[in-house]
Amino acid sequence: MPGFDLDRRRALGVLGAAAATTALVGGTARAQAPVQMISHRFPALEFYAEKMRGAVEGVEVNTQLMPFDKANELATIGLSSKADTLDIVYANDTTVHKYAKNGWLMPLDDLWAKFSDEFDLADFPERALAPYRYEGKLYCVPHNVNVMLFFYRRDLFEEAGKQPPATMAEYVELAKEFHTPMRAGTIKCLKPIDATMNEAHWYFNTIGDGWFDQDWRPVFNSENGVKAIEALKEVTGYAQRGYATAANDECTLALQQDLAAMGLQWASRTAAMDDPTKSRVVDLIDWAAAPGGHTRTATDGYAISAFTRQDPELLFRILATSSSAANMREGAAMLVPPRDSVLRDPELAKQFRQYPGILAALETAVPTPPLPEFYEAGEFITRRILQAVAGEMEVKAALDAAAAETTQLLESRGYYR
Amino acid sequence: MQTQRGLWLFLVPSGLVISLVLLYPLGYAIYLSFFNYYLGGQPPTFIGFGNYVALFGDERFWGSIGKTVLIVAGAVSLEFVLGLAVAFGLYKLTFGVKPLNLLMFLPHIVTPVVAALFLRWIFTGRWGLLDAIIMSFNIFPPDWLGTPGWARFTVIVADAWQFTPFMILVLYAGLNTVDNSQIESAQMDGAGNWTILTRIMLPAIKPLILFVLAIRIMDAFRFFDQIYVLTAGGPGTATETLTMYTYALAFRLLEIGKASALGVLTLLLSALTIGLVIAVLYRRDKGAF
Amino acid sequence: MRPSRTTQMVLFLALCAFTVVNLTPIIWAFMTSIKQPVDAFSVPPKLIFTPTFEFHYQVWVEKEFWRFLINSAVIAISTVCISVPIGTMAAFALSRMRGGGSRGILFGLLAMRMFPHILLAIPFFVLAQWLSLIDTYPMMIMALVAINQPFTIWMMRSFFMDVPLELDEAARIDGCNLWQVFYQVALPVVRPGLWITSLFSLLLAYNEFLFALVLTGPNTKTLPVAIAEYGAEDLNYWSLSAAAAIGIMLPIVLFMMALQRHLVRGLAFGAVKG
């Protein structure tokens, strides 16, 4: 429609100064095509989307937020066909490496250096940036750090004279003890893929030997790895009903509705426990680092598409503005700030009772392996773990099969040569 | 003959739209099934029937075929039997048919993305409505979505919930077209409802039965949303159907070539099933179809 | 031999029971949409509660879902207006054709319906991208028309099959050309069938999700996509989904009620014969 706009502007110009000004303002707004952003959706990210929409005056940002799998599908379709339909793309520690390896994202190092002073980017510790580096280059501006921590019912623990478990063995024991027909001993979320991978991450890192060795050969099927999944399987005996298909939402719900006594869940869910419109256990839940530590820490951030036609500096400005210290402070109830100045602020810990637990969990938490194919390997691993849990296969056979499939996948992608 | 040629002109608009919009994506997908095409990396390389051969040697492929056939057969036959029973009931009913008809149809208009969520709220353990109702009688019900047998059953019920209304509507329409004089004369001969239904009415609407079965079988083979939301293929791999596997290949592993090959095989399998249904329905009079 | 009154009552009650069971998930979802999440998912379920229309308000007013309703309506109605006429023409031709050609076409059409749609999403996107038609009405409408064709053609063909060929021939003898036979003779006979076919086409276009997700954007987003954006993660999203999902049904229900006479006539005319 450019022809139409031109004619209109010319015609309006004749009509007098006031009208001409209107047309000009309209004209500039049109000249700047809206920035297209796609993202996963949960309250913290909704908060940031709002901040992006108002980040740079006169620049319209279309934010499209949806469940993780759909956002990931859409980003994959758009980016793999090198389309310019997306400018800002949500990425977390598992997707960023895949996107970056495929050449779908723009390295941000130069922009980062250029705007470092203006946005006080040095405030982001390397710990927050590391998950976003691929082959030495940085691809994301961090917005949120998420960590899985141990949720437990303070009242039930006090009543039973128990302390939050320090080891996996204690945790299994407590799950058994607290388990009743109406209230499960623990929540477990084993919906493929993410939820299962998160639980498995904890077990593999605590009981097992982790996921991979240095050459990306699977070690999750080691003797200890088998023990880890056997422990997971045992605990499902004390898990809430429907655990096999439960994702974060239903696990949160089980805790909120007094259907489970404890379990592993994300830091971003802590605030919802104290919201009386959603929870009947307000003030009854406490948080600690998970027994054995080594739960997953994830990062939520935003990257710039390699195929954008927008000015990268403008896009970076939107990202950096939205992840300011002030915004992180404002949203601190629903997110974990990546900026050290905010995260380490003692005031915050006083104001929000979940912060001590979060900080403790962050001490030992580990990100997922920086393998671009991790999510894809997860497809095989999850499936086999679930087969083991459902009793379709022996744990060892299942993990060996998963390891073989993972090796084959990585071979086909050029590893081990 | 001139008439016959003139008829082709009537196909032009529809043919044009289909070939412009649908044929390219369909053709492209089939074309890709002969390539090793990983969406993230290099351009596709031709591997002939490599993807098909790989699938035939894949235990997951055979496993998902078995589960798909089971779920499709279960869902479509449940829908047909229930749909026919209700349609016949409506046909016999002399009052209140219109509002009932409308109300019964409602589940079919629920947006599929949310329909599965609605059913999740019914079937989920503990706080699901069904559990709550059963538990109020002090019975602890099975885990509808978490035990293999029940999960398959629930998935079938979910499909039936949405598509039985379609069956009812179409079959009810069909029953109403059956020639009344035939029915009356049979009644004179003292035939009961069952005899009338199976001997007179069903044979009369055979083409219609074929139509609904074919449509439902095709769609059930592509059945995805509900399984994805309700069980995500689980527990274990109990409800992992062909489409679930296709989805995993296409969107999680980004193996578009192999996923397309699986799509083609799904197509062939559902064509085969429909062929089988035709053979069974028309086993006596072969020329009629 | 009229059925007795008791049999009628038993039959009526049985059908009512079936209907109630069938409607339970919808009623339950509606109740969910007017409860706070803490009550909506409580154990045992709460039947007495203070209703709140907060989520309906949020969805339709604050989150401006009425915009998506307009998009959905534009797309669905346009789809029906294009799909049904051209499909009807094709169906007429296929019902009048002799020889193997028509059967081949009919089975080809079915094959299109059998192919898993998730595999068409990527080629569709590439095509739309190439034509610079992402996030425009025409692309979405054309895609839906094409997807709709097999069903429309099959269904309309079955209606035309019921129009006796003698009628055509008589009209031909009266000097009608082929178009007039179609438009003035055959079409009026199958009119009730048009309503049914339109209803199903409308439903398909109105509820379509996958292609809408891939092909629409901020300007043309449809209701199913907008609803799906509130997947899970937070319980409020569930309440919002429920509220939106109930709202999205209303236009179709109204449409069906308005057309019920036609629909029933179409059904009674029935003859959805293959």
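Computed from a prediction, not measured in an experiment: that's the story for all the values here.

Below, the discussion takes up the state of the cysteines. All names here are of chain A. One pass over the structure, following the stated rule, counts one disulfide over all chains. Paired by a disulfide, Cys 189 and Cys 251 hold their sulfur atoms 2.4 Å apart. Residues Cys 189 and Cys 251 are joined through a disulfide that is left-handed, its torsion about the S-S bond being -135°. Of this pair, Cys 189 sits in the loop between helix 9 (168-178) and helix 10 (194-206) while Cys 251 sits in helix 12 (residues 248-256); the two residues are 62 residues apart in sequence, bridging distant segments of the chain.

So, on to the domain arrangement of chain A. Reports of interface size often rely on the accessible area that becomes lost once the parts have come together. Residues and elements named next belong to chain A. Here chain A is partitioned into domain 1 (32-145 + 298-364) and domain 2 (147-297 + 370-412). Taken together, the contact between domain 1 and domain 2 spans 24 residues of the former and 29 residues of the latter. When domain 1 packs against domain 2, the two sides together hide about 2,000 Å² of surface, and 57% of this comes from carbon and sulfur. The closest approach of N and O atoms between Arg 353 and Asp 286, which form a salt bridge, is 2.9 Å. Counting every contact that joins domain 1 to domain 2 gives eight residue pairs in polar contact (both at pLDDT 80 or more). For the side of domain 1 that touches domain 2, a count of residues per class yields 12 nonpolar, eight polar and four charged.

Looking at the second largest pocket, its volume works out to about 870 Å³. What lines the second largest pocket is a set of 34 residues, among which Gln 408, Leu 409, Ser 412 and Arg 413 of chain A together with Glu 255 of chain B lie closest to the centre. Elements with a contribution of two residues or more to the lining of the second largest pocket: helix 19 (374-390) and helix 20 (395-412) of chain A together with strand 1 (35-36), helix 2 (50-56), helix 3 (59-92), helix 12 (242-252) and helix 13 (256-281) of chain B. In terms of residues, the lining of the second largest pocket owes the most to one element, helix 20 of chain A, which gives four residues. Taken together, the residues that form the lining of the second largest pocket break down as 11 nonpolar, 11 polar and 12 charged.

All names here are of chain B. Taken together, Leu 9, Val 12, Leu 16 and Leu 20 make up a surface patch of nonpolar side chains, about 410 Å² in accessible area. Considering the arrangement of structural elements, one finds Leu 9 in helix 1 (residues 2-32). Judged by relative accessible area, Leu 9 falls into the exposed class, the value being 61%.

Quick look at empty space enclosed by the protein now. For the structure on display, the rule yields 10 cavities of 30 Å³ or more. Its boundaries defined by the atoms lining it, the second largest cavity holds a volume of some 170 Å³. Lining of the second largest cavity is provided by 18 residues; of these, Pro 192 of chain A together with Arg 60, Ala 232, Glu 240 and Arg 252 of chain B occupy positions nearest its centre. Counting only elements with at least two residues in the lining of the second largest cavity, the list comes to helix 19 of chain A together with helix 12 of chain B. The element contributing the most residues to the lining of the second largest cavity is helix 12 of chain B, with five residues.

Residues and elements named next belong to chain A. The residue after Pro 192, namely Ile 193, is reached through a cis peptide bond having omega -10°. Mapped onto the elements of the fold, Ile 193 is located in the loop between helix 9 and helix 10. Although it is not a glycine, Trp 216 adopts a positive phi angle of roughly 65°. Residue position: Trp 216 is located in the loop between helix 10 and helix 11 (223-236). Its identity as a non-glycine residue notwithstanding, His 294 has a phi of 60°, on the positive side. Its place among the elements puts His 294 in the loop between strand 8 (285-288) and strand 9 (297-304).

Next up on the list: the pairing of strand 3 (residues 88-92) of chain A. Residues and elements named next belong to chain A. Burial within strand 3 is extensive, with five of its five residues counted as buried. The alternating pattern of strand 3 places Ile 88, Tyr 90 and Asn 92 on one face and Val 89 and Ala 91 on the opposite face, and all of these are buried. Where strand 1 (residues 35-40) lies against strand 3, two bridges are found, and the strand directions are parallel. The residue of strand 3 that forms the bridge with Ile 38 is Val 89. Across five bridges, the pairing between strand 3 and strand 9 is antiparallel. Bridging across to strand 9, Ala 91 finds its partner in Gly 301.

This part covers the interface of chain B and chain A. The partner chain A presents 32 residues to the 34 residues of chain B that form the contact. Counting the surface lost from both chain B and chain A, the interface buries some 3,100 Å², and carbon and sulfur atoms represent 53% of this. Of all residues in chain B, the largest losses of buried area upon contact with chain A belong to Arg 126, Arg 252 and Leu 253 of chain B, amounting jointly to 21% of the total for that side. Counting across the interface, chain B meets chain A through seven salt bridges. For Arg 383 of chain A, the salt bridge goes to Glu 240 of chain B, with nearest N and O atoms at 2.9 Å. Applying the counting criterion to the chain B and chain A interface returns 16 residue pairs in polar contact (both at pLDDT 80 or more). Residue assignment for the side of chain B that touches chain A shows that the elements contributing at least two residues are helix 3, helix 6 (129-135), helix 11 (225-230) and helix 12 of chain B. Broken down by element, the residue count for the side of chain B that touches chain A peaks at four residues, all from helix 12 of chain B. Among the residues making up the side of chain B that touches chain A, the classes are represented as 19 nonpolar, six polar and nine charged.

Next up on the list: the packing of helix 8 (residues 180-188) of chain B against helix 9 (residues 193-204) of chain B. All names here are of chain B. Their axes nearest at 10 Å, the elements helix 8 and helix 9 cross at an angle of 145°. Between helix 8 and helix 9 lies a crossing of right-handed hand. Residue-level contacts link Gln 182, Ile 183, Ala 186 and Gln 187 of helix 8 to Ile 196, Ile 200 and Met 201 of helix 9. Considering only residue class, the contact of helix 8 with helix 9 consists of five nonpolar, two polar and no charged.

Grouped together as the largest cluster of nonpolar side chains are 364 residues, with contacts concentrated most on Phe 316 and Ile 318 of chain A, Trp 121 and Leu 171 of chain B together with Phe 65 and Phe 124 of chain C. Mapping this core onto the domain boundaries places at least three of its residues in each of domain 1 (32-145 + 298-364) and domain 2 (147-297 + 370-412) of chain A. Discounting residues that sit within four places of it in the chain, Ile 318 of chain A has contacts with Val 35, Met 52, Ala 55, Val 56, Val 59, Val 61 and Ile 88 of chain A.

Residues and elements named next belong to chain A. As a packed pair, helix 11 and helix 19 sit with axes 9 Å apart at the nearest point and diverge in direction by 50°. Considered as vectors, helix 11 and helix 19 are oriented oblique to each other. Our pair here, helix 11 against helix 19, has a crossing hand that is right-handed. On helix 19, the residues touching Ile 229, Leu 232, Lys 233 and Thr 236 of helix 11 are Ile 385, Ala 388 and Val 389. Here the residues of the contact of helix 11 with helix 19 sort into five nonpolar, one polar and one charged.

Turning our attention to the pairing of strand 1 of chain A. Residue and element names in this part refer to chain A. In terms of burial, strand 1 is largely enclosed, as five of its six residues are buried. Bridge count between strand 1 and strand 2 (residues 61-66): six bridges; the pairing is parallel. Bridge pairing in strand 2 places Ile 38 opposite Gln 64. Note on the crossover from strand 1 through helix 3 (residues 43-53) to strand 2: the handedness is right-handed.

It is worth spelling out the side chain of Thr 308 of chain A at this point. Residue and element names in this part refer to chain A. Mapped onto the elements, Thr 308 comes out in the loop between strand 9 and helix 14 (312-322). For Thr 308, a relative accessible area of 12% gives the class buried. For Thr 308, the side chain forms a polar contact with the main-chain nitrogen of Gln 310, separated by 3.0 Å. Among residues more than four places away in sequence, those in contact with Thr 308 are Leu 86, Asp 87, Met 106 and Leu 315.

Conventions adopted
- Residues numbered from 1 in each chain as written.
- Chains lettered and ligands numbered in written order.
- Predicted model: local features only at pLDDT ≥ 70, side-chain atom pairs only at ≥ 80, totals over all residues.
- Heavy atoms only, no water.
- Disulfide = S-S within 2.5 Å.
- Helix = DSSP H or I, 4+ residues; strand = E, 2+ residues; numbered from the N terminus.
- Domains from an automatic or database assignment.
- Contact = heavy atoms within 4.5 Å.
- Buried area = accessible area lost by both parts, 1.4 Å probe.
- Salt bridge = Lys/Arg side-chain N within 4 Å of Asp/Glu carboxyl O.
- Polar contact = N/O pair within 3.5 Å; in protein donor to acceptor, adjacent residues only side chain to side chain.
- Nonpolar A, V, L, I, M, F, W, Y, C, P; charged D, E, K, R; others polar.
- 1 Å grid on protein atoms, 1.4 Å probe; cavity = no way out; pocket = protein on both sides within 12 Å on 5 of 7 lines; lining within 4 Å.
- Points joined across faces, edges and corners; volume = space filled by probe spheres on them.
- Patch = residues over 30% accessible without salt bridge, like charges linked within 9 Å, V, L, I, M, F, W, Y side chains within 5 Å.
- Areas by Shrake-Rupley, 256 points an atom, 1.4 Å probe, with all protein chains shown as cover.
- Buried < 20%, exposed > 50% of the residue type's maximum accessible area, 1.4 Å probe, protein only.
- Pairing = 2+ DSSP bridges.
- Axes fitted to C-alpha atoms, helices over the stretch in contact; angles between N-to-C directions.
- Left-handed = near helix turned anticlockwise from the far one by under 90°.
- Core = buried A, V, L, I, M, F, W, Y, C linked by side-chain atoms within 4.5 Å.
- Parallel < 35°, antiparallel > 145°, perpendicular 65-115°, else oblique.
- Right-handed = clockwise from strand over helix to strand, strands pointing away.

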